[in-house]
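Architecture at a glance
Each chain is listed here by its residues.
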Amino acid sequence: MTHSDYTKNILNIKDQNIYFYENCLENRKDNNIEVKVFHGFLTYTPKCCDKCGVINQGNNDIINWGFDKNCLVKLPKVSNFNTILLLDKQRFFCKHCNKTFSAKTSLVDFHKQISNNTKLSVILDLMNKGSEKDISIRNNISTNSTNRILDDISNDTIVKNNGILPEIIGIDEFNATKDTISKMAFIIVDQDNKNIFDINNSRKSLDIEKYFKNYSKKQRDNVKFITMDLYKPYYSLMHSLFRNAILIPDRFHIVLQVRNALDKTRIKLCIKSNPYYNKLKKYWKLILKDKRDLDKDNKSYQKCFKKEMSKYDIVTYLLNTNEELYETYQIYQSILYSIDTKNKNIFLSIINGKNNKVSKYMKKALKTFKNMKSYILNAFDYEYSNGIVEGTNNLIKQIKHTACGYRKFKHLKARVMLIKGLYNPIKA
Ligand SMILES: [Zn+2]
């Protein structure tokens, strides 16, 4: 092995046309930071002229024409030192068109300074959580350069990668970046693979329609189930786009409606003139709890009551202070029970019942249920839920938090795709 081959091996440079000079390594100080500088050159016999395309058959066609000296290429660090390559690129002269051109290498894109190896190293770093700023410093490139890498990834959407809609999808919206419409973005999850399918920068109906219409009608007809929250406008839209799909509201969102209704009923009672004000305020968690989980046996001293009480006793006491609260609580618990045990009949009897004595909040929630009855019953018949979408939304929150927020949607999207393993860096 020659010294040139050794050096290439250490620097992981695969291009056969790059060679290193003897004594090619120089230790330099750049702003008091030590830099490993390698000196090499790039040369080969070109197959044809870059400018006019003539086939090169010898010295009558194309000849060497000196070098472009010291072209800077940033390489991944060596032993944790910033490392650069100063590459002399061979120039050529074409006798047919009288023009010159320089040699090309797979090491770095034309007119770029950041080697493809460095780019790969940055992408691998971006696949783990960590801020773009830290990753840029670690790879000795500017944050702008890192953002440009993210731009490229963002344009290479997952859709372009395989382009096939999953049969079971989940949709939701999430708080995204300032450059998205009303700061919200739209997420589509592949329920079979339990992974993100795509993220769209708008949750507006028109934009969602446009997005899904990128897929053929045949593909959309293949979608079997869609899980989503209880936002009614989405239902008619999804119906028109996916005529064979069964739309399933997420069970968690159904419970959330009645849970919020009960909580608002309690809060309405939390006024200073109410003698039970302090107790209603303090024990809000117990009121929202599934009553089957309330401990009846273990008593502990409760300051507010100045005696020992079980959790069940406390809730019973509070409910008896107000009839509306009591009635609303019973409806809430029955809904919880019906969903937990997948008992459609209990659910139907509740929403079809009179419910005169419940709070206006609960009346509103029950009205929503009645309006969307045909969909909600699907949640009893099928196991699918939007849990995976919720989990993904939490991950996005974490990613945003680590980066101290994102200004651009496409950067956030690229990061999410990388961290969720939806982008193959090797093909980059
Ligand atoms: Zn030419």
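Residues numbered from 1 in each chain as written. Predicted model: local features only at pLDDT ≥ 70, side-chain atom pairs only at ≥ 80, totals over all residues. Heavy atoms only, no water.

On to the overall build of the protein, then. Scanning the protein from terminus to terminus reveals 18 helices and 12 strands. Taking 428 residues into account, the globule formula puts the C-alpha radius of gyration at 22 Å, and the protein, at 32 Å, lies well above it. Taken along the three principal axes of its C-alpha coordinates, the protein extends 100 × 55 × 35 Å. At a minimum sequence separation of 6, the contacts of the protein that also span at least 24 residues come to 59%. Carbon and sulfur atoms provide 48% of the accessible area of the protein, an area that totals close to 23,100 Å². The positive charge centre, built from 73 side chains, and the negative charge centre, built from 43, are 6 Å apart in the protein. (Helix = DSSP H or I, 4+ residues; strand = E, 2+ residues; numbered from the N terminus. Rg over C-alpha atoms; globule rule 2.2 N^0.38 Å. Contact = heavy atoms within 4.5 Å. Areas by Shrake-Rupley, 256 points an atom, 1.4 Å probe, with all protein chains shown as cover. Lys, Arg positive; Asp, Glu negative; His and termini not counted. Charge placed at Lys NZ, Arg CZ, Asp CG, Glu CD.)

What follows is about the coordination of the zinc ion. Protein ligation of the zinc ion involves Cys49 (SG), Cys52 (SG), Cys94 (SG) and Cys97 (SG), the donor distances falling in the range 2.2 to 2.3 Å. For the zinc ion, the four donor atoms in the first shell make angles of 104 to 114° at the metal, so the coordination geometry reads as tetrahedral. The motif formed by the donor residues of the zinc ion, counted along the single chain, is C-x2-C-x41-C-x2-C. Pair noted here: Cys52 is in the loop between β2 (33-42) and β3 (62-78) and Cys94 is in strand β4 (residues 81-94), with a separation of 42 residues, a long-range link. On the basis of relative accessibility, which here comes to 40%, the residue Cys52 falls in the partly exposed class. (Donors = N, O, S within 2.8 Å, 3.2 Å for Na, K, Ca; no water. Tetrahedral: all angles 85-135°; square planar, octahedral: opposite > 155°, others 65-115°. Buried < 20%, exposed > 50% of the residue type's maximum accessible area, 1.4 Å probe, protein only.)

Attention now goes to the domain arrangement of the protein. For the protein, the assigned domains are domain 1 (3-113), domain 2 (158-250 + 385-427) and domain 3 (251-381). Placing a centre on the C-alpha atoms of domain 2 and another on those of domain 3 gives a separation of 33 Å. Tallying the contact residues gives 12 residues for domain 2 and 12 residues for domain 3. Roughly 1,200 Å² of surface becomes buried between domain 2 and domain 3 when both sides are summed, with 67% attributable to carbon and sulfur atoms. (Domains from an automatic or database assignment. Buried area = accessible area lost by both parts, 1.4 Å probe.)

What follows concerns the sheet that holds strand β8 (residues 195-200). Pairing within the open sheet is mixed, and its five strands lie in the order β8-β7-β6-β9-β10. Each having just a single partner strand, β8 and β10 (246-249) make up the two edges of the open sheet. Direction aside, neighbouring strands of the sheet carry axes that sit 25° apart on average. The sheet contacts of helix α18 (residues 409-419) involve β6 (168-175), β7 (184-190) and β8, and relative to β8 the element is tilted by about 170°. (Pairing = 2+ DSSP bridges. Axes fitted to C-alpha atoms, helices over the stretch in contact; angles between N-to-C directions.)

We now examine the side chain of Lys279. If you trace the backbone, Lys279 turns up in helix α10 (residues 277-282). The buried charged residue Lys279 lacks any salt bridge partner; its closest oppositely charged side chain belongs to Asp313, at an N-O distance of 14 Å. (Salt bridge = Lys/Arg side-chain N within 4 Å of Asp/Glu carboxyl O.)

Tallying each qualifying case throughout the model produces 22 aromatic pairs. A centroid spacing of 5.4 Å and a plane angle of 25° characterise the contact between Tyr19 and Phe41, whose relative ring orientation is stacked. Taken together, the residues span a long stretch of sequence, with Tyr19 in strand β1 (residues 18-30) and Phe41 in strand β2 at a distance of 22 residues. For Tyr19, a relative accessible area of 34% puts it in the partly exposed group. Here the aromatic cluster, defined as three or more aromatic residues joined through ring pairs, consists of Phe186, Phe197, Tyr211, Phe212, Tyr215, Tyr231, Tyr234 and Phe242. A cation sits over an aromatic face here: Lys36 above Phe81, 4.6 Å from the ring centre. Sitting over the face of the ring of Tyr312, Lys296 holds its NZ or CZ atom 4.6 Å from the ring centroid. (Phe/Tyr/Trp six-rings, centres within 6.5 Å; stacked < 30°, edge-to-face > 60°. Lys NZ or Arg CZ within 6 Å of the ring centre and 35° of its normal.)

Quick reminder: α-helices carry 3.6 residues per turn. Residues three or four places apart thus point the same way. Here helix α12 (residues 311-319) has its buried residues at Ile314, Val315, Leu318 and Leu319. Buried residues of α12 fall within an arc of 125° about the axis and therefore sit on the same side. Of the surrounding secondary structure, the elements contacted by the buried residues of α12 are α10, α11 (284-288), β11 (300-302), β12 (307-309) and α13 (323-340). (Arc of directions from axis to C-beta.)

Right, let's get into the pairing of β3. Taken together, the 11 bridges between β3 and β4 define a ladder with antiparallel strand orientation. Looking at the pairing, Asp68 lines up with Lys89 of β4. Between the antiparallel neighbours β3 and β4 lie two residues, among them Ser79 with a positive phi of about 45°.

Our focus in this paragraph is the nonpolar core. Within the largest apolar cluster, 66 residues are counted, with the highest numbers of intra-cluster contacts made by Phe212, Ile226, Met238, Phe242, Ile335, Met362 and Phe369. Here this core takes seven residues from α13, the largest share from any one element. No fewer than three residues from each of domain 2 (158-250 + 385-427) and domain 3 (251-381) sit in this core. With sequence-adjacent residues up to four places away left out, Met238 is seen in contact with Ile171, Phe186, Ile208, Phe212, Ile226, Met228 and Leu247. Core analysis: the next-biggest nonpolar cluster, separate from the first, contains 20 residues, Ile388, Leu395, Ala403 and Leu412 among them. (Core = buried A, V, L, I, M, F, W, Y, C linked by side-chain atoms within 4.5 Å.)

Now for the pattern of salt bridges. Across all of its chains, the model carries 23 salt bridges by this definition. In this structure, Arg203 and Glu173 form a salt bridge, with 2.9 Å as the shortest nitrogen-oxygen distance. With Arg203 in the loop between β8 and α6 (205-212) and Glu173 in strand β6, this residue pair connects regions lying 30 residues apart in the sequence. We classify Glu173 as buried; its relative accessible area is 18%. One salt bridge in this structure joins Asp198 and Lys413, with 3.2 Å as the shortest N-O distance. Within this pair, whereas Asp198 is found in strand β8, its partner Lys413 is found in helix α18, the two being separated by 215 residues in sequence. Like Asp198, the residue Lys413 is buried in the burial classification. Linked by salt bridges that have partners in common, Lys217, Asp221 and Arg243 make up one network.

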